[in-house]
Amino acid sequence: MKEASLLHSSLTVSPNRSQVFEGDSVSLSCEDEDSSAGWTLRRNTTTETRRVCGSDWGKGSGSSCTIDPLIQWDSGVYWCESSQAAASQSINLTVPGGSVILQSPVLPVMEGDPLTLSCQSKHGSRLPAAFYKDGSLMGTEPGGHMTILHVSRSDEGLYRCNISSHGESPSSWISVTGKPTTTSPPTSTSTPGSPLGSSPGSPLPVVLPVACVAVVVLLVLLVLLVLLVRRHVLRRPKADGGQAGGDDITYCDVRILHHQQQPIRRSRENDPAAVYSAVKGREDVTYGQMVFKDGGGPSKTTDISAWMKQHHLQLNLSKTELLVLPASPSIQQQINIQLESKQLKPTKSSRNLGVMIDDQLTFKTHVASAARSCRFALYDIRKINPFLSEHAAQLLIQVVSS
């Protein structure tokens, strides 16, 4: 029940501006339907953190606080906090030491509403002023006032103004929020217990983010279910003796050791030459291991295709790669493997089990690929972040990262 009251708590500022001249006064108030929550004003500045109103700044009266007069050290972040550690939306208050301020709303502006910016000087009003957004000049107004009739998301940014021969104001961030979802108003025929007669404390604002998270989780579970079904289907042997279709891709990593007539560095001369094959389909991986013993005859590499067909596999020569992990770079120049009609040459990197392995085992290619995938996922989450609560955003990031 205490969490429900947090949704309707808000911090109001009078006068409603993010920049105030030094020496002026400002009043802050926590407005909440539940008066028993015990809301108090707190702030963070450059010299202190989480200081309560009335301790060493401001004069508190219940859930309100007045700062008179203001000094530069009063610049900081202000918010309301209840006795149950619930917090309201925070605001930024700036007290510059100069003679020019930008009067802009301290709270986010609703999308579609008008926005009025005023550039004010201590030495006079209605002076010509230039307005800037994100460092770019928007225009010069002779009266020192600029109005944007219909605010959109593109108007969100960092604003400042400049009055010639008087100075420049600090920058202030102006946020733009979307319009809340509205329901049909109650009619005279609705009963007090019906949805149409529900009070403004209806849990609809809470249900919407939860529903969004539930839809995302269901989509993720559906994708996982499809992947499991495809893995089960692809693992079953083909009815035509294992001939793969045009969509199947097979990778083969081959390592061949031959007996040498001259002395070589190994403990036993009769060790078998081993050929390892890793076969990968679209969504799953199957391992096959072949061991060929040298009998003094020609190379056994031509038997790879026959062995794979016996095990319902297909060797795709166009996708076959040779990755060598040498003790010194000069070894790669001595390797020349003929596999059926294709001559295999060492490659710099290859994918196995979803990991990009390079011939120096630095894994730089794999790290770059993983970072790129995470960056795209976080970019997609950032688009819907304004519509999610903090808990819902954390849950979504955990689901994507896992």
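A quick note: this is a predicted structure, and the numbers were derived from the prediction, not measured.

(A) Structural view of the packing of helix H4 (residues 364-384) against helix H5 (residues 390-401). Running from amino to carboxyl end, H4 crosses H5 at an angle of 155°, the nearest separation of the two axes being 11 Å. Relative to H5, H4 is oriented roughly antiparallel. Two packed elements cross with a definite hand, and for H4 against H5 that hand is right-handed. Counting all contacts with H4, which are made through Ala-377, Ile-381 and Ile-384, the residues of H5 involved are Leu-396, Ile-397 and Val-400. Taken together, the residues of the contact of H4 with H5 sort by class into 6 nonpolar, no polar and no charged.

(B) Molecular detail of the pattern of salt bridges. Applying the stated criterion to the full structure yields 9 salt bridges. Between Arg-50 and Glu-81 there is a salt bridge; the shortest N-O distance is 2.8 Å. Taken together, the residues span a long stretch of sequence, with Arg-50 in the loop between strand E3 (40-44) and strand E4 (51-52) and Glu-81 in strand E7 (residues 76-81) at a distance of 31 residues. For Arg-50, a relative accessible area of 44% translates into the label partly exposed. Measuring nitrogen to oxygen at the nearest pair gives 4.0 Å for the salt bridge that ties Arg-153 to Glu-111. One end of the pair, Arg-153, is in the loop between strand E14 (145-148) and strand E15 (157-163); the other, Glu-111, is in the loop between strand E10 (109-110) and strand E11 (115-121), and 42 residues separate them in sequence.

(C) Just the sheet that holds E14, in detail. The sheet built from 3 strands is open, its strands ordered E9-E11-E14 with antiparallel pairing. Both outer strands of the open sheet, strand E9 (100-103) and E14, are each paired with one neighbouring strand and no more. Strand-to-strand, the axes of this sheet are offset by a mean angle of 15°, without reference to chain direction. Inspection of the sheet shows E9 paired to E11 by 4 bridges, in the antiparallel sense. Considered in E11, the bridge of Gln-103 is made with Ser-118.

(D) Highlighting the pairing of E15. Counting buried residues in E15 gives 5 out of 7 residues, a clear majority hidden from the surface. In the sheet, strand E12 (residues 129-133) pairs with E15 via 4 bridges, with the strands oriented antiparallel. If you follow Ala-130 over to E15, its bridge partner there is Asn-162. Alignment of E15 against strand E17 (residues 172-174), held across 3 bridges, turns out to be antiparallel.

(E) Looking closely at the state of the cysteines. Summed over the entire model, instances satisfying the criterion amount to 3 disulfides. Disulfide partner of Cys-30: Cys-80, at an S-S distance of 1.9 Å. Because the torsion about its S-S bond is -100°, the bridge between Cys-30 and Cys-80 counts as left-handed. Remark: Cys-80 occurs in strand E7 and Cys-30 occurs in strand E2 (residues 26-31); sequence separation between them is 50 residues. Note on Cys-30: relative accessible area 7%, which makes it buried. Note on cysteine connectivity: Cys-53 is disulfide-linked to Cys-65, with sulfurs 1.8 Å apart. On the S-S bond that ties Cys-53 to Cys-65, the torsion sits near 80°, and the link is right-handed. Of the two residues, Cys-53 sits in the loop between E4 and strand E5 (59-61) while Cys-65 sits in strand E6 (residues 64-67), which places them 12 residues apart along the sequence. A single burial state applies to Cys-53 and to Cys-65, both of which are buried.

Here is what the cut-offs are and how they apply
- Residues numbered from 1 in each chain as written.
- Predicted model: local features only at pLDDT ≥ 70, side-chain atom pairs only at ≥ 80, totals over all residues.
- Heavy atoms only, no water.
- Axes fitted to C-alpha atoms, helices over the stretch in contact; angles between N-to-C directions.
- Helix = DSSP H or I, 4+ residues; strand = E, 2+ residues; numbered from the N terminus.
- Parallel < 35°, antiparallel > 145°, perpendicular 65-115°, else oblique.
- Left-handed = near helix turned anticlockwise from the far one by under 90°.
- Contact = heavy atoms within 4.5 Å.
- Nonpolar A, V, L, I, M, F, W, Y, C, P; charged D, E, K, R; others polar.
- Salt bridge = Lys/Arg side-chain N within 4 Å of Asp/Glu carboxyl O.
- Buried < 20%, exposed > 50% of the residue type's maximum accessible area, 1.4 Å probe, protein only.
- Pairing = 2+ DSSP bridges.
- Disulfide = S-S within 2.5 Å.

Interpretation note: all reported values are geometric properties and have no functional meaning in isolation.
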